[in-house]
Amino acid sequence: MRYSSLFTQTLREAPADAELVSHQLALRAGLIRPLAAGIFSALPLGLRVARKIEAIFREEMAAIDCVELLMPIVQPAELWQESGRWNEVGPEMLRMQDRSERNMCLAMTHEEAVTDLARHLIRSYRQVPMSVFQIQTKFRDEPRSRGGLIRVREFTMKDAYSFDLDEAGLDSVYQDMYRAYENIFRRAGLEDQVVSVESDTGMMGGTGAHEFMYLNPAGEDTLLICDGCGYRANRQIAVYEREEAVGETPEALTEVATPGCTTIEDLARFLNIPASRTAKAVFMTGFIQGEERFIFALVRGDHELSETKLANAAGAVDMRPATEEEIRAIGAEPGYGSPIGIAGDAVIVVDDLVAASGNLVSGANRVDHHCLNVNVGRDFEADLVADLVAVEAGMPCASCRAPLRSARGVEVGNIFKLGTRYSEKLGANFLDENGKARPLVMGSYGIGVGRLLACVIEEHHDDQGIVWPISVAPFHVHIVVLSGNRPRGELEAAKRICRDLEAEGIEVLLDDRDERAGVKFNDADLIGIPVRITVGSRGLAKGQVEVKMRNERDRKDVAIEALAGYVKEIFQRGQA
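For clarity, every value in this text was computed on a predicted model and none was experimentally measured.

Draft legend 1. Examining helix α6 (residues 167-187) more closely. The end-to-end C-alpha distance of α6, which contains 21 residues, comes to 30 Å, matching closely the 30 Å that a straight helix rising 1.5 Å per residue would cover. Taken residue by residue, α6 has Gly169, Leu170, Val173, Tyr174, Met177, Tyr178, Ala180, Tyr181, Ile184 and Phe185 as its buried positions. The distance from a side-chain oxygen at the start of α6 to the backbone nitrogen of Ala168 is 3.3 Å, and the residue carrying that oxygen is Asp166. Phi turns positive, to about 100°, at Gly189, one or two residues after α6.

Here it is in structure tokens:
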């Protein structure tokens, strides 16, 4: 391909709002261009990289007998209403009406659609196990798109779905997908940088999930890792070896003045007690079974609340912090909140360590006042008791008690054991050997193309630009013609070299622009194609061209007749 025919433009400087390296370089190298917040056009070079990634997806899915199909992005509300997610999913799903005023949506994921296919196509146990996948556009109306392709609103995803007879079958295909994902990340150039962690099932539901995390300080997710036993989990659901609760004989409930003590730190200092002797109130609202409810959470003062654990315990979706007006409406007081004596139908969720501890200090629902000797069960009743603690680095591992460490990561893939959540609700059944109808046991498995592309750039770059692994590079070779279109024979020689390389299956970008050599070299480094060949009049006089690998500083003069073999050898040795 000729550079002059590329519908693209490189930038010397990245836009000021591009903070991540991958965002900056994707823009500067002309891979993408923004259309709106979180919505990008893929330009020719970026699209070629995406297609290389998709080819890896297809090969790895084929290796585990997962067959490709394509489902619509526009879906009727009825499907999502059958699954129950129409009211569970919040504003991130874009809803609309067609001309007949029929409710529709832009699909964020395709569990409903694929289950609908299964209930019509799978009848007998003889038809399973079955796995299918698609590579298709998704839309999620993210409130905070960021990082270029890391968090976007419109994106391309490889999403796969499996159907089995039982949990044992699901476990088997789950492991196949797990290994396929490991192969995908290795082939894309992230072999040692991606780890799997236990994760929350979120809106997908089901019995278990893993996320594949690219370890990077710019990642949005916090991971807790044990170097002793190998435990790894997203902080959203991570657990640790809980402290021993201090069981005490309940003492008399006493209200005391605590002027200006609106934080746990202020309160502990004023009363001269450790924060672990206090109970911290967190006020939220969320939809529980389609109804908005006030959620009153209580954790020990030296701990932070995990909102994911709270939402899972309460069965809440679209959870958000309660407003001061909402807090006061139930009889509580911001900064001095307590479950004692509150009104209304608030759901009280208490961390299990608080429930087992005696004589804690809690708010009195009165400004500048707290209560001493608060005891769950005597002074108020908890609707739910669960682990609500957000785990911190240094806490002991629940398995081996070694201190956990934290790391940041970008989620590049996820796999879910859905079980029968969707098949039961949509009636996707099969007849077993005895002719009895049973629900299909399902799994769901996703990887975002653009996010993986961005992570590859994050991992493979230097001060000059991108350094693509050969497996996903837009082209194998970048030919730079020193004289541009001036009549010195260089361009014609470069065209011949291009044809010879392409005849050997080598993909070539020919820079035929009438630009200064420095501009061309800078663009070549920025775009990051693995091998650069420079065609100049001095070398041609000797029957040679200069070859430089993008990931090395050295250059080598190579005879033109030996060039194709030399480049193929580079790739075979894995040097590029």
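Draft legend 2. Region of interest: the pattern of salt bridges. On inspection of all chains with the given rule, the structure shows 52 salt bridges. Notably, a salt bridge pairs Arg48 with Glu507, separated by 3.3 Å at the nearest N-O pair. In this pair, Arg48 is assigned in helix α2 (residues 44-63) and Glu507 in the loop between α13 (490-503) and β30 (508-511), connecting sequence segments 459 residues apart. For Arg48, a relative accessible area of 26% translates into the label partly exposed. Its relative accessible area of 25% is what places Glu507 among the partly exposed residues. A salt bridge links Glu248 to Arg277; its shortest N-O distance comes to 3.1 Å. A residue pair is termed long-range when its members are at least 10 positions apart, and Glu248 in the loop between β12 (232-234) and β13 (254-257) and Arg277 in the loop between α7 (264-271) and β14 (279-288) qualify at 29 residues. Among the residues examined, Glu248 registers a relative accessible area of 31% and is labelled partly exposed. Within the structure, one salt-bridge network assembled from shared partners comprises Asp462, Asp525, Arg532, Glu546, Arg550 and Arg555.

What counts, and where the lines are drawn
Residues numbered from 1 in each chain as written. Predicted model: local features only at pLDDT ≥ 70, side-chain atom pairs only at ≥ 80, totals over all residues. Heavy atoms only, no water. Helix = DSSP H or I, 4+ residues; strand = E, 2+ residues; numbered from the N terminus. Expected span 1.5 Å × (residues − 1). Buried < 20%, exposed > 50% of the residue type's maximum accessible area, 1.4 Å probe, protein only. Polar contact = N/O pair within 3.5 Å; in protein donor to acceptor, adjacent residues only side chain to side chain. Salt bridge = Lys/Arg side-chain N within 4 Å of Asp/Glu carboxyl O.

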